[in-house]
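Chain by chain, the residues run as shown.
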Amino acid sequence: MTEETRLYLAAHPFAYPLIRLIARLGPVVRVPGVGVVVNDAAVARRVLMDPRFRKDGPGSPGDLWTPVLGPSVLLNMEGAAHATLRAKLAPLFTPSSVSALVTDVLAQPLKELSARLERGESVDLVHHMRLMAGAVICRVIGLGEISAGRALALFAEGERVASMVSLRTRRLNPRQVAIAREVLDGIGDIASAAYRAEDPSTVMGRMRALGLSEAEARGAAGAFFLTGTETVATFVPRLIALLHDHGAGRGIDLDLAIEEAMRVTTPTPVMLRSVAEPAHVGGAPVRPGDRVLIATHNCARAYGPFDLSRRHPPELRRLWFGAGAHFCLGYPLALAEIRAVASVLLRHDLRIVGRRAARGVLIPTYEHLWIRAA
Ligand code: HEM
């Protein structure tokens, strides 16, 4: 069993074997209580590009998040309103703006991490990544100076909200909505203050300058927080562990390694759509109201185990960041963060000196990954 499989089993002891079993039943499988499951990258891409499959109907992510985030936060929108808001937000995530933000926020933590490794200390990469990914999102939503305590506290709150969701969750119950609202109100308040300050050097200030309302900016901050913290934080330790376990390190092509590690880890293992009009999914008829569950993990794993020499065919290309209208808005930010941290880590010959899988989490990952420079 690979370490990655162990992580998935620790996070989802029942759902993971089920999802992998479903992968063996064919490219498209109707599973009672779950929905129409897609295990094939080409079919998945067609669904993602087709407007009949939406994120705002019954069984869609909108059902889950609209009660918490409000109706207009990209990930629960469709059509013209979605396209307009995306067009307004996209300039905030260009490679040059995110690289300035990442360099600014991570320079000091990376210097400290590198110094500790140089001194021969063992460091828990999971802890450092929570801190760094938390700090980046704090800055995105409008906090200026960020203490380590604040970044970690924010990360823990996000994890608490994410852990309410499982494969079978269709809606949050009223108690969960109340907890999630409380967490996201805190995020919204930070965002509102930054928005009102009108500082064009902050993402929130720029949202105001771009003509977004305060409510839209609050909602977007909540969406960035939910989508952009744990995804990045959990990925880097898994990337480093994969490279270590495959005897790779210094001198590798980092971008290729990141893509291949994304393929086997798939930090967002599934994507959901609600069927709005009669259609076919890989030949299987679907009706309005049906739920389509794209098992991104199955689609990506169909191409085999981790292999740095593997080239990804067009149908697979970055499927782990989505495709079409909802393709990950934060992709340049995620890549900038991952590259920044991994390139510093890979200057050292790393050894893993201890690891433990995280249990009961939404995104499989390590609870601890202790590394040391050889
Ligand atoms: C390893 C890191 C990440 C992965 C694997 C990832 C993956 C994804 C995926 C698969 C989607 C599309 C979901 C769907 O179509 O159902 C998505 C959407 C999105 N992501 Fe990311 N993401 C990551 C990091 C980030 C970051 C850092 C941010 C920035 C704050 C971010 C912001 C968003 C937003 C706002 C959307 C919704 C876009 C829309 O609906 O138009 N993500 N992400």
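In this numbering scheme, every chain counts its residues from 1 along its sequence in written order. In keeping with the model being predicted, local features are shown solely for residues with a pLDDT of at least 70 and side-chain atom pairs are shown and tallied solely at 80 or more, while totals for entire chains, interfaces and linings include all residues. Heavy atoms from the whole structure form the basis of all side-chain values; hydrogens and water molecules are not counted.

For the chain, the name recorded in an unreviewed UniProt entry is Cytochrome P450, with Nonomuraea dietziae as its organism.

1. Some details on the overall build of the chain
Across its full length, the chain holds 15 helices and 10 strands. Put simply, the radius of gyration uses C-alpha atoms, and a globule should come to 2.2 Å times the residue count raised to 0.38. Taking 2.2 N^0.38 as the reference for a compact globule, 374 residues should give roughly 21 Å; the C-alpha atoms of the chain span a radius of gyration of 20 Å, in line with that estimate. When the backbone C-alpha atoms are referred to their principal axes, the chain occupies close to 60 × 50 × 40 Å. Just so you have it, the chain exposes about 15,900 Å², and 56% of that area is on carbon and sulfur atoms. Neither His nor the chain ends contribute to the count of charged residues, in which Lys and Arg are positive and Asp and Glu negative. In this description, the location of a charge corresponds to atom NZ of lysine, CZ of arginine, CG of aspartate or CD of glutamate. Looking at charge distribution, the chain has the averaged site of its 45 positive side-chain charges lying 4 Å from that of its 35 negative ones. Working definition: helices are DSSP H or I runs of at least four residues, strands are E runs of at least two. Numbering for both runs from the N terminus. Every accessible area reported is derived by Shrake-Rupley at a probe size of 1.4 Å, with residue values counting cover from the shown protein chains alone.

2. Points about the coordination of the iron atom of the ligand
When only protein atoms are considered, the iron atom of the ligand has one donor, Cys328 (SG), at a distance of 2.3 Å. The residue Cys328 is located in the loop between helix H14 (296–301) and helix H15 (331–345) in this model. For Na, K and Ca the donor cut-off is 3.2 Å; for every other metal, N, O and S atoms count as donors within 2.8 Å. Water does not enter the count, which can leave sites looking incomplete.

3. Regarding the packing of aromatic side chains
Within a pair of aromatic rings, the relevant descriptors are the distance that separates the centres and the angle that separates the planes. In this analysis, rings of Phe, Tyr and Trp, with Trp reduced to its six-membered ring, are considered paired at centre separations within 6.5 Å, and the interplanar angle assigns stacked below 30 degrees, edge-to-face beyond 60, and tilted for intermediate values. The full count for this structure, using the stated rule, is 5 aromatic pairs. Pairing Phe93 with Phe224 gives two aromatic rings, centres 5.1 Å apart and planes at 80°, and the pair type is edge-to-face. Of this pair, Phe93 sits in the loop between helix H5 (79–89) and helix H6 (95–118) while Phe224 is found in helix H11 (residues 214–228), placing the two residues 131 residues apart along the sequence. Phe224 shares its class with Phe93; the two are buried. Measuring from centroid to centroid gives 4.7 Å for Phe321 and Tyr331, while their planes differ by 80°, and the two rings are edge-to-face. Of the two residues, Phe321 sits in the loop between H14 and H15 while Tyr331 sits in helix H15, which places them 10 residues apart along the sequence. Three labels apply to residues, based on accessible area from a 1.4 Å probe with only protein chains included: buried if under 20% of the type maximum, exposed if over 50%, partly exposed otherwise in between. A residue is classified by how much of its surface remains accessible, and Phe321, at 10% relative accessible area, is buried. Look at Tyr331 and you get buried, because its relative accessible area is 13%. An aromatic cluster of three or more residues is present, and its members are Phe321, Phe327 and Tyr331.

4. Things to note about the site of the ligand
Neighbouring residues of the ligand: 25 residues in total, closest His82, Arg86, Arg273, His326 and Cys328. Under this definition, polar contacts are N or O atom pairs within 3.5 Å; protein pairs additionally need one hydrogen-donor-capable and one acceptor-capable atom, and for neighbouring residues in sequence, both atoms have to be side-chain atoms. Between the ligand and Lys55 there is a distance of 2.9 Å, counted from an oxygen atom to a side-chain nitrogen or oxygen. When contributions to the shell around the ligand are tallied by element, the ones reaching two or more residues are H5, H11, helix H12 (230–245) and strand S5 (271–275). For the shell around the ligand, the leading source of residues is H11, giving 3 residues. Lys, Arg, Asp and Glu make up the charged group, whereas Ala, Val, Leu, Ile, Met, Phe, Trp, Tyr, Cys and Pro make up the nonpolar group; the residues left over, Gly among them, are polar. Here the residues of the shell around the ligand are counted per class, giving 14 nonpolar, 8 polar and 3 charged. If even one non-hydrogen atom of a residue comes within 4 Å of a molecule or strand, that residue is called near it.

5. Describing the pattern of salt bridges
A pair is scored as a salt bridge if a Lys or Arg side-chain nitrogen falls within 4 Å of a carboxyl oxygen belonging to Asp or Glu. In total, this model carries 22 salt bridges according to the counting rule given. A salt bridge links Arg52 to Asp50; the nearest nitrogen and oxygen atoms lie 2.8 Å apart. Taking relative accessible area as the criterion, Arg52 reaches 29% and is therefore assigned partly exposed. We note a salt bridge from Glu157 to Arg160, for which the minimum N-O separation is 3.4 Å. Of this pair, Glu157 and Arg160 both sit in helix H8 (residues 148–162), 3 residues apart, roughly one helical turn. Under the relative-accessibility criterion, Glu157 is labelled partly exposed at 31%. What you see here is one network of salt bridges that share partners, running through Arg116, Arg119 and Glu121.

6. Points about the environment of Ala357
Tracing the chain through its elements places Ala357 in strand S9 (residues 350–357). Residues Ala357 and Tyr8 lie 349 residues apart in sequence; the distance between their C-alpha atoms is 8.7 Å. By definition, residues are in contact when any of their heavy atoms lie within 4.5 Å. When neighbours within four sequence positions are excluded, Ala357 is seen to be in contact with Arg6, Leu7, Ala10, Thr365, Tyr366 and Glu367.

7. Concerning the side chain of Thr365
Along the chain, Thr365 falls in the loop between S9 and strand S10 (366–373). Within the structure, the side chain of Thr365 is placed 3.3 Å from the backbone oxygen of Thr234, a separation counted as a polar contact. Beyond its immediate sequence surroundings of up to four residues, Thr365 is in contact with Leu7, Thr234, Arg238, Ala357 and Ala358.

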